[in-house]
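# Structural overview
Residue-level listing of the chains:
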Amino acid sequence: MELTKEKLLGFYETMLTIRAFESKAVELFADNQLPGFVHLYLGEEAVATGVCGSLTTKDYITSTHRGHGHLLAKGGKVDLMMAELFGKSTGYCKGKGGSMHIADVELGILGANGIVGAGQPIAAGAAFACKYKNTDAVTVCFFGDGASNRGTFHEAFNMAAIWKLPLVFVCENNMYGISNCQREHMRVTDVSDRAAAYGVPGVTVDGNDVIAVYEAAAEAIERARKGDGPSLIECKTWRWRGHFEGDPGAYKDPAEQEAWLKKDPIPRFEQKLVELNYATQAELAEIKAKVEAQIDAAIRFSQQSPDPTPEDALTDVYAE
Ligand SMILES: Cc1ncc(C[n+]2csc(CCOP(=O)(O)OP(=O)(O)O)c2C)c(N)n1
Ligand SMILES: [Mg+2]
C-alpha cells in the first residue's frame, strides 16, 4: 500500500490520540477519578499505529492488559473507552469491565485481556475460523516480551505454523515484564529468533519508528492474507511509565530511561513529515488541537455519564 500524505497524517493523528488519551489517564488516575488499574502505553504508540495501518475492520486483533493503544489504533471509540475507564454505564462494558476488558467485535477488536498470554490462543482460533470460512481476513496478536515466555505463545505459534494460519504475532518488546528486565527473563536477545523454532519468518524492527513498523507489518499481513501463513514481528520499544499507574519503576536504570525518552516516536515522526514536505508545522498543530478537543470531549462525556446501578451487577452475566 502506497504511503500517501493522507495515510501518513492518519498515522500522526492515531499516535497523538493514543498519547493524549494516555496522558489524560495519568492525570485522571492521580486525581482518583479512575477506579481499577491502568497499564499505560505511553512511548509505544508507533507499534499499534504502524501495525493497524494495514488492517481494516474485517481483520481481527487480540490485545493485552496494556491495550488502549491497540484498541484506539484499530478504531475503538474514544468516548466509550474513556467512559469504561471511568467505570460509567456508557462505557464499552457498561462500566463493569474497566481498562482490561474492552472489546468491540464489530471493529474486529477481540478484546483487551488481563491474563498474560491469553490473547495468543484466541488469535489462533480467530485466524483458524477465517481460514475455515475462506475469508481473506488476517488476525494480529499483540503481546509483550514477558508473554513470549508463556506456554500459550509456543502452543499457538506451533499450531499457526503447521496450519498456515493467517496470523501475525506482534511482540512489543518494551524490555520489561513488570520489574523483570528482558536480559534477566530470557536467554535470547531478540524475541524474533523464536520464530525459527516454528519454521516461520521472524524480524526485529525499531518499534519507535512508525514507518519501520508499518513496512514490516504490511509485508507480514500481506503474506498471511495470501495464505502463506504466520510470522513474527518483534518491535523494540520502551514503556515510559511504571508497569501500572502507581508503580514508581525504581528497578529501571535512570540513564536507560533517559536515553529511551529521547527516542520518543512522535517528535521523530513529526520531523520526518516536515522534512519530507508531507506537512507543515501549522498542519500538525491543527491535528494536535483536533485530537486534544476530542479527548477533552470524551472526558466530559464520561464525567457526565451515570454510574451503573447495583441491579446492573446481575445483567450481562450469562450469554442469551
Ligand atoms: C497468566 C498471568 N500471569 C501473570 C500475570 C501478572 N502479570 C501482569 S502483566 C505481567 C507482565 C507482562 O509483561 P509483558 O508481557 O512484557 O507485557 P508489558 O506489561 O511489558 O506490556 C505479569 C506477569 C498475569 N496477569 N497473568
Ligand atoms: Mg514487556
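That block above? That's the structure.
Notes on the structure in this doc start here.

The rules we used
Residues numbered from 1 in each chain as written. Chains lettered and ligands numbered in written order. Predicted model: local features only at pLDDT ≥ 70, side-chain atom pairs only at ≥ 80, totals over all residues. Heavy atoms only, no water. Pairing = 2+ DSSP bridges. Helix = DSSP H or I, 4+ residues; strand = E, 2+ residues; numbered from the N terminus. Axes fitted to C-alpha atoms, helices over the stretch in contact; angles between N-to-C directions. Contact = heavy atoms within 4.5 Å. Buried < 20%, exposed > 50% of the residue type's maximum accessible area, 1.4 Å probe, protein only. Disulfide = S-S within 2.5 Å. Expected span 1.5 Å × (residues − 1). Arc of directions from axis to C-beta. Near = heavy atom within 4 Å. Polar contact = N/O pair within 3.5 Å; in protein donor to acceptor, adjacent residues only side chain to side chain. Areas by Shrake-Rupley, 256 points an atom, 1.4 Å probe, with all protein chains shown as cover. Nonpolar A, V, L, I, M, F, W, Y, C, P; charged D, E, K, R; others polar.

## Examining the sheet that holds strand 1 (residues 60-62)
Sheet strands pair via backbone hydrogen bonds, and the direction of the pair is either parallel or antiparallel. On the basis of which strands lie adjacent, the open sheet formed by five strands has the order 1-2-3-7-6 and parallel pairing. The strands lining the two open edges of the sheet, one partner per strand, are strand 1 and strand 6 (202-206). Taken pair by pair, the neighbouring strands of this sheet meet at an average axis angle of 20°, ignoring direction. Along the sheet face, helix 2 (residues 45-52) touches strand 2 (139-144), strand 3 (167-173) and strand 7 (231-236) and points at about 170° away from the line of strand 2.

## Observations concerning the environment of Asn-134
Tracing the sequence through the fold places Asn-134 in the loop between helix 5 (119-132) and strand 2. With relative accessibility at 70%, the residue Asn-134 sits in the exposed group. Separated by 119 residues in the primary sequence, Asn-134 and Asp-253 have C-alpha atoms spaced 49 Å apart.

## Quick word on unusual backbone geometry
We note that Asn-32 has phi near 65°; this positive angle belongs to a residue other than glycine. By secondary structure assignment, the location of Asn-32 is in the loop between helix 1 (5-30) and helix 2.

## With respect to the state of the cysteines
Going through the model one piece at a time under the given rule, you end up with zero disulfides. Cys-141 takes part in no disulfide bond, and the closest cysteine sulfur, belonging to Cys-171, lies 9.7 Å away.

## So, helix 6 (residues 151-162)
Structural remark: α-helix, 3.6 residues per turn; residues separated by three or four positions point the same way. In a regular helix each residue adds 1.5 Å, so twelve residues correspond to 16 Å; helix 6 covers 17 Å between its end C-alpha atoms and thus fits that length. Looking at helix 6, one finds that the buried residues are Thr-152, Phe-153, Ala-156, Phe-157, Ala-160 and Ala-161. Down the axis of helix 6, the sector holding all buried residues measures 150°, keeping them to one side. Along helix 6, exposed side chains directed more than 90 degrees from the buried face belong to Glu-155 and Ile-162. Its buried side turned inward, helix 6 meets helix 5, strand 2, strand 3 and strand 7. One or two residues past the end of helix 6 sits Lys-164, with phi positive at roughly 50°.

## Quick look at the site of ligand 1
Near ligand 1, the surroundings consist of 15 residues, among which His-65, Arg-66, Gly-146, Asn-174 and Tyr-176 are the closest. Between Val-116 and ligand 1, the recorded distance is 3.1 Å, taken from a backbone N or O atom to a nitrogen atom. Gly-146 places a polar main-chain atom, nitrogen or oxygen, 2.8 Å from an oxygen atom of ligand 1. When ligand 1 is considered free in solution it has 580 Å² of accessible area, and contact with the protein chains removes 72% of it. By residue class, the composition of the shell around ligand 1 is five nonpolar, seven polar and three charged.

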